[in-house]
Amino acid sequence: MENGPVLVLGATGKQGGAVAVELLRKGRPVRALVRTPQSAAARSLAANGVQLFSGGFPDLEVIRAAMAGAAGVFSVQPNSGSATSSITDEEEVRFGKSVVDLALESNVKHLVYSSASIISQGRTGLDNLDCKLEIEEHVRRADIRSTIVRPASFMELMTIPGMGLDKGMFSFFIHPDQPMDLISSHDIGKIVVDIITHPDRSYKETISIAGDRVTGRDIQRLLTEATGRSITYQRFPESLLKENPFLKKNADIFENQSLVANADIPGLKQRFGDLMDLRTWLNGPGKPLLQIALHENEDGVALS
C-alpha cells in the first residue's frame, strides 16, 4: 500500500492535474476520475499512464471502484462559486463528504482534501467558501489518516483573460499596498504529493499553503517586468463593486489581511523545498498564459 495507486479527483483541472503530474514524476501509479474521457486533458493523462475512471459526482459507484486498493486520495471538488461551475454549494458539500466516507470504507491509507486559505478564521459569509468548512469538519471527524491543505489565491489568477492585461492594466481585490499570499498550481501538486508519500508527517493537520506574498504594487511591478510593457494595478473600482454584490462581498473579505496573508511561507519552504514566487512563475509556467492574456480582443478572445 505504501507505493500503491493514488486516486486524483479533478485531474483535468489545475490542482488535480498538478498532483497527477507530480505523482507520475515520482513513479507512483495514478488513477483519475474524469467526466469526459475523450477530452484532450483526459487523453493526455491516459497517454502518460494514468488509469481513467469515467464518471463524476454523483457517480459514487464509479468512485468506489476507483478507490479499491488505493493507497491515497486527493479530493478537490468543483468550486460552486466558479462562473463555470455546474454544481451548487449543497452538491459540493455532499460530494466532498461522500469522498471521505468512501475513502474510509475503502481503507484508503491517506486522504488529502484541498480547501481554501481564506476560510482559516471560520465563516466568511459567502456560501461558496463556507461550504468548504463543512467538508473540512467531516474530514476531521472521520477515522481516517487525513490532511487538509488550504491553498492561497492561485498565481494563475494573474493571467485570467478579460482582466485588462491587453489594455495595460490589472485589477484585483487587494489595495495597492496590501499584501496577499499566492501559490502556483505546480506547487500545490508538489506539496500534496509530499504529504501523500509521507502520510505519518501530516496526520490530521490543516496547512495554509503559499509560495509568495505580494502587494498590489508588487503585482504591477512584476507584470510590467514580465511583459516588457507598462502594466498598472488597481483595486476593483467601487462603481463595479456596487453593481456586483458577489464581487463586493469578496472584496470585503480581502480587506481582512489575516485571511489573505496567513501562510508560514518560510516554514513551508523549509518543509517542502523551494516554492515558486510570482516572478519565477510569470517567467516560467505562467508565461504562455500571460501571452494569451496580453493578446485578446475586447470579448476576451485570444488573438493570433
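All values reported here derive from a predicted model rather than from experimental measurement.

We now examine the overall build of the chain. When its secondary structure is counted, the chain shows 13 helices and twelve strands. Expected size for 304 residues packed as a compact globule is a radius of gyration near 19 Å; at 19 Å, the chain falls within 12% of this value. Dimensions along the principal axes, computed over C-alpha positions, put the chain at roughly 55 × 40 × 40 Å. Here the chain, with 304 residues, has 52% of them falling under the buried criterion. The long-range share in the chain, meaning contacts at least 24 apart out of those at least 6 apart in sequence, stands at 75%.

Now for the packing of helix α1 (residues 14-25) against helix α6 (residues 185-197). The interhelical angle for the contact between α1 and α6, taken along N-to-C directions, is 55°, at an axis separation of 7 Å. By the criterion of interaxial angle, the relationship of α1 to α6 is oblique. The two elements α1 and α6 cross, and the hand of that crossing is right-handed. Every residue of α6 that contacts α1 at K14, Q15, A18, V19, E22 and L23 is listed here: S185, H186, I188, G189, K190, V192 and V193. Taken together, the residues of the contact of α1 with α6 sort by class into six nonpolar, four polar and three charged.

We now examine the environment of P29. Topologically, P29 is positioned in the loop between α1 and β2 (30-34). With a relative accessible area of 38%, P29 lands in the partly exposed category.

Here we take up α1. Taking 1.5 Å as the rise per residue, α1 with twelve residues should run 16 Å; its terminal C-alpha atoms sit 16 Å apart, in good agreement. The set of residues buried in α1 consists of Q15, G16, G17, A18, V19, A20, E22 and L23.

Here we take up the sheet that holds strand β1 (residues 6-9). Strand order across the open sheet formed by seven strands is β3-β2-β1-β4-β5-β6-β10, with parallel pairing between neighbours. Both outer strands of the open sheet, β3 (51-54) and β10 (205-209), are each paired with one neighbouring strand and no more. For this sheet, the mean angle separating the axes of adjacent strands, direction not counted, is 20°. Pairing of β1 with β2 involves four bridges; the strand directions are parallel. Its bridge partner lying in β2, V8 is registered against A32.

Next up on the list: the nonpolar core. If you look at the biggest cluster of nonpolar residues, it comprises 38 residues, and the most contacted ones within it are I118, F170, I219 and L278. Mapped by element, the contributors of at least two residues to this core are α5 (127-141), β8 (169-172), β9 (179-183), α7 (216-227), α9 (245-254), α10 (257-260), α12 (278-282) and α13 (287-294). Leave out the neighbours within four places in its chain, and F170 touches L157, M158, M163, L165, I219, L223, I231, T232, Y233 and Q234. Residues V6, A20, L45 and F272 belong to the second largest nonpolar core, which totals 33 residues.

Reading the values: the criteria
Residues numbered from 1 in each chain as written. Predicted model: local features only at pLDDT ≥ 70, side-chain atom pairs only at ≥ 80, totals over all residues. Heavy atoms only, no water. Helix = DSSP H or I, 4+ residues; strand = E, 2+ residues; numbered from the N terminus. Rg over C-alpha atoms; globule rule 2.2 N^0.38 Å. Buried < 20%, exposed > 50% of the residue type's maximum accessible area, 1.4 Å probe, protein only. Contact = heavy atoms within 4.5 Å. Axes fitted to C-alpha atoms, helices over the stretch in contact; angles between N-to-C directions. Parallel < 35°, antiparallel > 145°, perpendicular 65-115°, else oblique. Left-handed = near helix turned anticlockwise from the far one by under 90°. Nonpolar A, V, L, I, M, F, W, Y, C, P; charged D, E, K, R; others polar. Expected span 1.5 Å × (residues − 1). Pairing = 2+ DSSP bridges. Core = buried A, V, L, I, M, F, W, Y, C linked by side-chain atoms within 4.5 Å.

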